[in-house]
Each structure stands twice: as C-alpha cells, then as structure tokens.
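# Structural description and commentary
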Amino acid sequence: MNPDITRMARSLNEWLWQHEFWLPPGITWEDMKESEDIHYPQPRDLLLSIPFALILVVIRYVFERAIALPLGAKLGVRDKQRPKAQPNPILETFYSMHCKIPKESELISLAKQCDLPVRKVERWFRRRRNTDRPSLSKKFCEACWRFTFYVISFFTGLAVLYDKPWFWDHRECWTGYPQQPLQPSLFWYYMLELSFYWSLVFTLPCDVKRKDFKEQIVHHAATIFLISFSYCANYIRIGTLVMVIHDASDCFLEPTKIFNYMKWKKTCDSLFMIFSAVFLISRLIIFPYTVLYNTYYYSMEIFQPFFGYYFVNALLITLQLLHIFWSCLIIHMVYKFILQGTV
C-alpha cells in the first residue's frame, strides 16, 4: 500500500478516536483499559453485527417461505390476479428510465410513437405499475417476520433488564460512567438489535415500499448510528432503554397489519387502537422522560458536556422528531376511525 495513504489512514484513525470525542472530560482511553475480570465495549465488536445481519437475512428467507407463506395460505391470504401489461419496448424504456406516471403531454407523445390510442397507453402504465406493487402474501410474510422478531427482542430486553438497577432508577444509567463493565447479556442484546437493523438495510431494495419509505431510511440510519455510537462511548445503559421502549409498540403494529391482510376487520381495528395507545404513550411520554430528559439533564450530574454528549442527544432528538411525525399520522388515523368507524 502507498506509504502516503497508510499515513493518512493512521492520522485519520488517531483523530477519530481522540478521547475528547468519546469520553467525558478527565477520562482517557488509559482509564478504559480491560483486565481479566473487567471488559469494556470495543468498537471492533460492532463488526460482528454484519455477519449476524446476513445470518438474519437467511433466517428470514427460510422463515417467510417455510412458515409465513403456508400460514398465510391457510388463513386465507390470497393474491389478486392482476392483468399484465402487454410487452412494449418503447413504453417499457420510458417507464424504466424516465417516470412511472407520465404527464398528459408525454402520454400523447408516447401514443404517437407506438401508434396506439392515448387511453391504451394510459392503461398500459396503470397495469405496469400494478405489476410492481407488492403482493398481499409478500406483505403478510414481511409482517410475520417482523412481528416474530419484535416479540423475541422485546421479551429478551425485559429479561436482560429486569434485574438491572437503571431499569427502575434511571439515574443509575450514569453511576460510574464511563467505567461501566460490559456484561455478556447486554453485549448479545446489543448485537441482536444492531444486526436486525443492518438486515433491514440490506433488504430495503426487496422490502415493501410504503409512503414513509424515506422516513424509514432516516430511522434505520439514525438507529444504527445511535446503537453503534452508544456502544463505542459506553452509553450501553441508556441504549438498552431506547431499544426496549421502541420494541414495545412494534409488537402491536405488525399483528395489526397481519389481521388487516387477513381481512379480520374488528380484530385489526382493536389491535390498531391498542398499538396507537402504546405508541403514543411510549414514544411521546416515556421516551422523552426516560431517555431524553435522562440523557440531557441527569448525565450532567456526573460529567461536563463533551462531543459524545451532544452527538448522542442529536441522534435521540432525530428519533423523537420521527416519533412526532409518525404520531401525527397515527392521530389522524385514529380521528378518522372515530368519525368513520374504520381505519
């Protein structure tokens, strides 16, 4: 390797891992050295999440085809037969290279090129878009996988945190910080969550694209950054609270989708109202107090502000803004449900 590149990489690595960025004032990496009995989070540990994420992708593939798909068929989840668009190279090229919903002037131009009526060209684009829409069985399988994971993750989090002092007294998140030894159960809980969100990033091109697709990308990125940074800076205790709070409402969202795909309207509506209550309480009340207030104010009782303090709070606020965005959508849906009696 070129010596100049090696030197630049070494300089960048030294700059990135300055203790001023990651640790409170007065603490250096020398204070975080491990011993036989005491282990602290190491940034290199995060690399394990990549192969674990790929394993989760394989498990998901097997789960969806061996369990979710047959289950959906037994529960009456059927895909609608959609008429396919006739092969047309000119229209297909426009659809792939330009846009999926052409303007009226473009429809007229394409109709002339293909020697077809404008109405037929318009119908071709409508059928072509319908072909790209995810099938009901695909949505059902995806919801089943996420529901299974969120339930496992949520109860794993409760089992891991139940006997931890900071689960009951949030000020305990900062006792002894940052010299808080890493327990094996916390390490594997972190790996489980981080690997799952990496797996969601890997499968984004294949997953069902919904209206909040861009917000989902921001959410995944902020979550991965937050989990990774909190691990490197040993914000493990506050990180575990963030993860278990998020999983609580997700356990109700996915079964709501599942029953919606099954056309079980009353069950779906009931679960949606439960999900809405859990989401709004956990994300707009519990999260701001347990996490945001805790990180912003309680931590200052132990140390002075530093880069890591500002960075982790910025990520948490980004998550909270997404919570507010989704809460507005949910409140709007609840309002429509109250007025119209259906979601």
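Attention in this report is confined to the structure presented alongside it. (Residues numbered from 1 in each chain as written. Predicted model: local features only at pLDDT ≥ 70, side-chain atom pairs only at ≥ 80, totals over all residues. Heavy atoms only, no water.)

Scanning all chains against the criterion turns up 30 aromatic pairs. By way of ring pairs, the aromatic residues Tyr289, Tyr293, Tyr296, Tyr297, Tyr298, Tyr309 and Tyr310 are connected into one cluster. The ring of Tyr298 carries the charged tip of Arg171 above its face, separated from the ring centre by 4.0 Å. (Phe/Tyr/Trp six-rings, centres within 6.5 Å; stacked < 30°, edge-to-face > 60°. Lys NZ or Arg CZ within 6 Å of the ring centre and 35° of its normal.)

Attention now goes to the side chain of Arg60. Structurally, the position occupied by Arg60 is in helix H3 (residues 49–74). The exposure class of Arg60 is buried, given its relative accessible area of 9%. Other than its neighbours up to four places away in sequence, Arg60 contacts Glu142, Trp145, Thr203 and Asp207. (Helix = DSSP H or I, 4+ residues; strand = E, 2+ residues; numbered from the N terminus. Buried < 20%, exposed > 50% of the residue type's maximum accessible area, 1.4 Å probe, protein only. Contact = heavy atoms within 4.5 Å.)

Our focus in this paragraph is the state of the cysteines. Counting across every chain of the model gives 0 disulfides. Not part of a disulfide, Cys173 finds its nearest cysteine sulfur in Cys232, a span of 18 Å. (Disulfide = S-S within 2.5 Å.)

Looking at soluble globular proteins, one finds that nonpolar side chains tend to be buried together. Counting residues in each nonpolar core, the largest one holds 75 residues, and the members touching the most others are Trp174, Phe196, Tyr235 and Val291. In this view, Trp174 contacts Gln180, Tyr235, Ile238, Asn294, Thr295, Tyr298, Ser299, Ile302 and Phe303; residues no more than four positions away in its chain are not counted. (Core = buried A, V, L, I, M, F, W, Y, C linked by side-chain atoms within 4.5 Å.)

Examined against the element boundaries, Asn294 turns out to sit in helix H12 (residues 265–296). The class of Asn294 is buried, set by a relative accessible area of 0%. Leave out the neighbours within four places in its chain, and Asn294 touches His170, Cys173, Trp174, Ile238, Tyr289 and Ser299.

Turning our attention to the environment of Ser228. Relative to the helices and strands, Ser228 resides in helix H10 (residues 213–232). Remark: the alpha-carbon pair of Ser228 and Pro178, spanning 50 residues in sequence, is separated by 16 Å. Apart from residues lying up to four places away in sequence, Ser228 is in contact with Leu46 and Leu194.

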